[in-house]
Amino acid sequence: MIKTRFAPSPTGKPHVGNIRTAIFNYLHTKSKDGKFILRIEDTDRERFIPGAVSYIEESLRWLGLAWDNEEKIHQSKRLKIYQKYADRLLEEGKAYKCFCSKERLTNLRQEQEKQKLPPGYDACCRKLTVGDIQKLEKEGKIPVVRFKVPENPKEVVWDDTIHGKVSIRTDIQEDFIIMKSDGYPTYHFANIIDDHLMEISTVIRGEEWIPSTPKHILLYMSFGWQPPKFAHMPLIVGPDRKKLSKRHGDTAIMDYKENGYLADAIVNFLALLGWNDGTTQELFAREELIKKFDLKRVGKSPAVFDIERLNWINGEKIRAMSIEDLMKEVENFNAEFLKGKDAKLAERALTVMQTRMVTLKDFTENSNFFFEGVKYDPKLLIFGKSTRENTLKGLKSVLKALSSSSVIPDSSLVIPAEAGIQSYNKILVSVVEAENLSNGDIFWPVRVALSGQERSPSPNEIMWALGKAASEKRIEAAIKSLEG
Ligand code: GLU
């Protein structure tokens, strides 16, 4: 059975890289009808951040990455288990207690640096006798437990699903700590015990863990356990090929929610950081990702995090949605925004804005003019080199054309978007022709009269959303402001 795990350490809010790991694990499992486990690796008490576990859960929930274990696993609640396995290695002579003080270890390191020797523990406590250990413990000294790195094999080799055959020398590997003096296991130790006990079939994690993998494999060997498969995902870099940083958009994943990104767009975008389906397709529905995702198609070269690509994906997903579904997203994003607003008008405004939105914020921050009166400097009504006279002439003709138009009765509010928007466009074009004015004399001032903005959707779209009566009112107000 395929079983993966997402094993974050609760040391902060999950970022892009952490969540990509979760997504790859999730997709790999779901594409094969397997199980996806959430395991909190909270054995580093110094780096533990209260609240981090909720951030992790919140992020996974938002993105719809449901884990299959009902009881969340916290390594800090499993100390007895790790102790039992450490005792087993101690008994078998595969691990030993080490009492070296911090000072001794620092001196050792400095000495090694001076002599240009590779850094590492010198296995000093390997030679302690049972008597020595009893004596030290009686004195109240608390040891750590170190793994006795065996002389053989001199290298470990594994067949990485992504990197192919990887071999790393272990003859310079120091005797690393498996249990700390506070009674907690180290990451390496707890990680392999749990992956074994939880029958994880493939460990999918970032490339930065490749150097740790020999430690893990040696531990598996010492227990006589079969290691899981390993798949180390490529690094994520910015478009400048430098390590991903805040400047490139490497922030907490929930910041993306706050900035109006859709969960589906984030999952789609992050799935593409290292994976493709063999074609140039970039937009995937979630079910499609689950169906097509294949670790064999994950590349080794660094994956480029390009926020422009995310923006494009987000915009495309927004445009692919029905207005009802998009409105639900807006509501989840900012319920406050819709409060007290005419729901039908909101729907029409969203229809107009949908064609140009990148994020949900583009609606909640740039569409206020649909709902409230507009304020602007009357000078803004005059387009480029046009004049006050031509502007007034244009606005008045539009007003006349609108009120006499039989194409658009005030029941325009129920005209379907496309037909309505076209009809308003026809009216504006006919005024340009009849009055012998330029497009700018008509489209610009009408647009400003309706939106009060320098940039906004086109006037015919706004007119359709506002309806004829409200549009007429705004144009009348514009005429007054120019005359006044
Ligand atoms: N707790 C480790 C982390 O924070 C897990 C690494 C692994 O997947 O083995 O990333």
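The structure presented is a predicted model; accordingly, all values stated were derived computationally and were not measured.

**Here we look at unusual backbone geometry**
Here is step 1: In this structure, Pro 153 follows Asn 152 across a cis peptide bond, with omega equal to 0 degrees.
Here is step 2: Even without a glycine there, the phi angle at Arg 241 is positive, about 70 degrees.
Here is step 3: With respect to the secondary-structure elements, Arg 241 resides in the loop between β11 (236-237) and α8 (253-258).
Here is step 4: The exposure class assigned to Arg 241 is exposed, which follows from its relative accessible area of 56%.

**Thoughts on the site of the ligand**
Here is step 1: Within the structure, the ligand sits among Arg 5, Ala 7, Ser 9, Glu 41, Tyr 187, Asn 191, Arg 205 and Trp 209.
Here is step 2: Within the contact set of the ligand, an oxygen atom lies 2.6 Å away from a side-chain nitrogen or oxygen of Arg 5.
Here is step 3: Residue Arg 205 places a side-chain N or O atom 2.8 Å away from an oxygen atom belonging to the ligand.
Here is step 4: Protein contact buries 84% of the 300 Å² of open area that the ligand shows by itself.
Here is step 5: For the shell around the ligand, the residue count by class is three nonpolar, two polar and three charged.

**Quick word on the sheet that holds strand β2 (residues 35-40)**
Here is step 1: Strands sit in the order β1-β2-β3 across an open sheet of three strands; the sheet is parallel. Since the sheet does not close on itself, it has two edges, and those belong to β1 (3-6) and β3 (73-74), each with one partner.
Here is step 2: Summarising the sheet, β1 and β2 pair through four bridges and their orientation is parallel. Paired with Phe 6 across the bridge in β2 is Leu 38.
Here is step 3: Its contacts with the sheet place helix α2 (residues 52-62) against β1, β2 and β3, and it is angled at close to 155 degrees to β2.

**Here we look at the side chain of Arg 78**
Here is step 1: Tracing the sequence through the fold places Arg 78 in the loop between β3 and α3 (79-91).
Here is step 2: We classify Arg 78 as buried; its relative accessible area is 18%.
Here is step 3: With residues up to four places along the chain from it excluded, the contact list for Arg 78 reads Ile 73, Asp 194, Leu 197 and Met 198.

**Observations concerning the layout of surface pockets**
Here is step 1: Estimates place the volume of the second largest pocket at around 270 Å³.
Here is step 2: A class-by-class count of the residues in the lining of the second largest pocket yields eight nonpolar, four polar and seven charged.

**Observations concerning the pairing of strand β7 (residues 164-169)**
Here is step 1: Where strand β6 (residues 155-160) meets β7, six bridges bridge the pair, whose relative direction is antiparallel. Across the sheet, residue Asp 160 finds its bridge partner in β7, namely Gly 164.
Here is step 2: Counting the residues between successive antiparallel strands, the hairpin from β6 to β7 contains three residues.

**Some thoughts on the side chain of Asp 42**
Here is step 1: Its place among the elements puts Asp 42 in the loop between β2 and α2.
Here is step 2: The buried charged residue Asp 42 lacks any salt bridge partner; its closest oppositely charged side chain belongs to Arg 45, at an N-O distance of 4.1 Å.
Here is step 3: A distance of 2.7 Å separates a polar atom in the side chain of Asp 42 from a polar atom in the side chain of Ser 76.
Here is step 4: Ignoring sequence-local partners within four residues, the contact set of Asp 42 consists of Pro 10, Phe 48, His 74, Gln 75, Ser 76 and Tyr 184.

**Structural notes on the sheet that holds strand β4 (residues 95-98)**
Here is step 1: Spatial ordering of the open sheet is given by β4-β5-β8, a layout of three strands whose pairing is antiparallel. Of all strands in the sheet, those bounded by a partner on one side alone are β4 and β8 (177-179). Pairwise comparison of adjacent strand axes, ignoring direction, gives a mean angle of 45 degrees for this sheet.
Here is step 2: Taken together, the four bridges between β4 and strand β5 (residues 144-147) define a ladder with antiparallel strand orientation.

**Re the pattern of salt bridges**
Here is step 1: Counted under the stated rule, the structure contains 28 salt bridges.
Here is step 2: The partner of Glu 57 in a salt bridge is Arg 61, with the nearest N and O atoms 3.9 Å apart. Pair noted here: Glu 57 and Arg 61 are both in helix α2, with a separation of four residues, about one helical turn.
Here is step 3: Classification of Arg 61 as exposed rests on a relative accessible area of 57%.
Here is step 4: The partner of Glu 347 in a salt bridge is Lys 344, with the nearest N and O atoms 3.9 Å apart.

**Looking at the packing of helix α17 (residues 388-404) against helix α18 (residues 417-435)**
Here is step 1: Axis separation between α17 and α18 bottoms out at 10 Å; the angle between their running directions is 130 degrees. It follows that α17 is oblique to α18 by the angle criterion. Here α17 runs over α18; the crossing is right-handed. Together, Lys 393, Gly 394, Ser 397, Val 398, Ala 401 and Leu 402 of α17 and Tyr 424, Ile 427, Leu 428, Val 431 and Glu 435 of α18 make up the contact between the two elements.
Here is step 2: Here the residues of the contact of α17 with α18 sort into seven nonpolar, two polar and two charged.

**Thoughts on the packing of helix α12 (residues 323-333) against helix α14 (residues 343-354)**
Here is step 1: In the contact formed by α12 and α14, the axes pass within 10 Å of each other and the chain directions differ by 100 degrees. Here α14 runs roughly perpendicular to α12, going by the angle between their axes. Along its contact with α12, which presents Ile 323, Leu 326, Met 327 and Val 330, the element α14 presents Ala 346, Glu 347, Leu 350, Thr 351 and Gln 354.
Here is step 2: A per-class count over the contact of α12 with α14 returns six nonpolar, two polar and one charged.

**Concerning the pairing of strand β10 (residues 229-233)**
Here is step 1: Burial runs high along β10: four of the five residues are buried.
Here is step 2: Alignment of strand β9 (residues 202-206) against β10, held across five bridges, turns out to be parallel. The residue of β10 that forms the bridge with Val 203 is Phe 230.

**Here's the deal with the packing of aromatic side chains**
Here is step 1: One pass over the structure, following the stated rule, counts 18 aromatic pairs.
Here is step 2: Ring geometry for Tyr 85 against Phe 223: centres 5.6 Å apart, planes inclined by 85 degrees, an arrangement best described as edge-to-face. One end of the pair, Tyr 85, is in helix α3; the other, Phe 223, is in helix α7 (residues 213-223), and 138 residues separate them in sequence. No difference in accessibility class separates Tyr 85 from Phe 223, as the two residues are buried.
Here is step 3: Of the aromatic side chains, those joined through ring pairs into one cluster are Phe 337, Phe 363, Phe 369, Phe 370 and Phe 371.
Here is step 4: Against the face of Tyr 55 rests Lys 13, its NZ or CZ located 4.9 Å from the ring centre.
Here is step 5: Of note, Arg 146 hangs over the ring of Tyr 121, and the distance from its end group to the ring centre comes to 3.7 Å.

Conventions we followed
Residues numbered from 1 in each chain as written. Predicted model: local features only at pLDDT ≥ 70, side-chain atom pairs only at ≥ 80, totals over all residues. Heavy atoms only, no water. Helix = DSSP H or I, 4+ residues; strand = E, 2+ residues; numbered from the N terminus. Buried < 20%, exposed > 50% of the residue type's maximum accessible area, 1.4 Å probe, protein only. Near = heavy atom within 4 Å. Polar contact = N/O pair within 3.5 Å; in protein donor to acceptor, adjacent residues only side chain to side chain. Areas by Shrake-Rupley, 256 points an atom, 1.4 Å probe, with all protein chains shown as cover. Nonpolar A, V, L, I, M, F, W, Y, C, P; charged D, E, K, R; others polar. Pairing = 2+ DSSP bridges. Contact = heavy atoms within 4.5 Å. Axes fitted to C-alpha atoms, helices over the stretch in contact; angles between N-to-C directions. 1 Å grid on protein atoms, 1.4 Å probe; cavity = no way out; pocket = protein on both sides within 12 Å on 5 of 7 lines; lining within 4 Å. Points joined across faces, edges and corners; volume = space filled by probe spheres on them. Lys, Arg positive; Asp, Glu negative; His and termini not counted. Salt bridge = Lys/Arg side-chain N within 4 Å of Asp/Glu carboxyl O. Parallel < 35°, antiparallel > 145°, perpendicular 65-115°, else oblique. Left-handed = near helix turned anticlockwise from the far one by under 90°. Phe/Tyr/Trp six-rings, centres within 6.5 Å; stacked < 30°, edge-to-face > 60°. Lys NZ or Arg CZ within 6 Å of the ring centre and 35° of its normal.

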